[in-house]
Every structure is written in structure tokens, then in C-alpha cells.
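One letter stands for each residue in the lines below.
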Amino acid sequence: MLKKILKKSIFILGFIILFQIIILSQNNSGGKTMIKITFAGNEIYGEILNTQSGKEFLSQLPAAFKFEDYNSTEKISYLPTKLSGRGEPEGFTPKRGDICYFKPWGNLAIFYRDFRYSYSTSLIKLGILNDIDKLANMRGDFEARIEVVD
């Protein structure tokens, strides 16, 4: 009798663990949204985080943006609608490839060089881009289209 109860318990426990693994894998795969940035014959891809600010940014896409260089560290462009910045961490240190939102100015900031620690009251991480060299090599102002990749 004890063997039978133990077998049922192991079966139920295994089922519960399998169910949790499936749920976690679905949450992790759905935690980021892929984007594509097209400019001057180039395409680069990235991921936008599943945060309130990330969702607000994605709601403004697809869109065309005019970028300019700022501080020889980042490419910036102004969003049509400011993001709320709700629920963000206290701060972070932006790295090369990070796509961010600078709340005081309402602009997108794509870092092509590492930068110092910044508080979220000013700088919010939205996601990360790959192949950042293509963007870093752009000189002067340029147009780019940002869209969600299905």
C-alpha cells in the first residue's frame, strides 16, 4: 500500500515539475520582443525587455526616427510620445549596445560605447542591440526605421 501511494506521489510531483518547467519556458521566451532597425542600407536587430517602458516604446512602432550623435557615446532620437518610466529599477550602468530612454529629454539613446552608472530617474534600459558597429560608424544625422519583428 505504501509503495502504491509513493508511486502516485512521485507521478503527481513529476507532473507538477513538468508543468512548472513548461510555464517558465513560455514566460522566458515571451519576455522580450525582437526589433529591427533599418538605416543607410543596414539592418541591426535587438530585443526590447518586457517592462512597462519597453511596452510603451513598442506601442510607438513601427516608426521612422532621425538620429544624431551625442557625446561621442550614443545615438539619440526623440520619441513622439514620452514614456512613463514606471516600475523601473533604481539605476544601471549602460553598456555598448544598450537601447535606453532618457526621461528628462524624452529621447531614445542607443549606446555604442560603455557609459557610467545612471539612476532610472534619468536613464531607463529598454533592451539591447546586436551588431552595434554599423550604428557606431554612422556619421552625422541619419534616418532610421524601427519595427517589431514577428
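Above this text you will find the structure in question.
Visitor: Let's hear about the pairing of strand 6 (residues 98-102): which residues, and what values?
Guide: In terms of residue burial, strand 6 counts as a mostly covered element, since four of its five residues are buried. Summarising the sheet, strand 6 and strand 9 (residues 123-129) pair through five bridges and their orientation is antiparallel. Within strand 9, the residue paired with Ile99 across the bridge is Gly127. In this structure, strand 6 lies alongside strand 7 (residues 107-111), joined through four bridges in antiparallel fashion. What sits directly across from Ile99, in strand 7, is Ile110.

Visitor: With reference to specific residues and values, describe the environment of Thr51.
Guide: In this fold, Thr51 is placed in the loop between strand 2 (42-49) and helix 2 (52-58). For Thr51, a relative accessible area of 22% puts it in the partly exposed group. A C-alpha to C-alpha distance of 7.9 Å links Thr51 and Gly87, two positions 36 residues apart in sequence.

Visitor: Break down the packing of aromatic side chains for me, with residues and values.
Guide: By the definition in use, this model includes six aromatic pairs. Centroid distance Phe39 to Phe142: 5.7 Å. Interplanar angle 45°. Geometry classified as tilted. Residue Phe39 is found in strand 1 (residues 32-39), and its partner Phe142 is found in strand 10 (residues 142-148); the two are separated by 103 residues along the sequence. Like Phe142, Phe39 is buried. Pairing Phe65 with Phe67 gives two aromatic rings, centres 6.4 Å apart and planes at 55°, and the pair type is tilted. One aromatic cluster in this structure is built from Phe39, Phe65, Phe67 and Phe142.

Cut-offs applied
- Residues numbered from 1 in each chain as written.
- Predicted model: local features only at pLDDT ≥ 70, side-chain atom pairs only at ≥ 80, totals over all residues.
- Heavy atoms only, no water.
- Buried < 20%, exposed > 50% of the residue type's maximum accessible area, 1.4 Å probe, protein only.
- Helix = DSSP H or I, 4+ residues; strand = E, 2+ residues; numbered from the N terminus.
- Pairing = 2+ DSSP bridges.
- Phe/Tyr/Trp six-rings, centres within 6.5 Å; stacked < 30°, edge-to-face > 60°.

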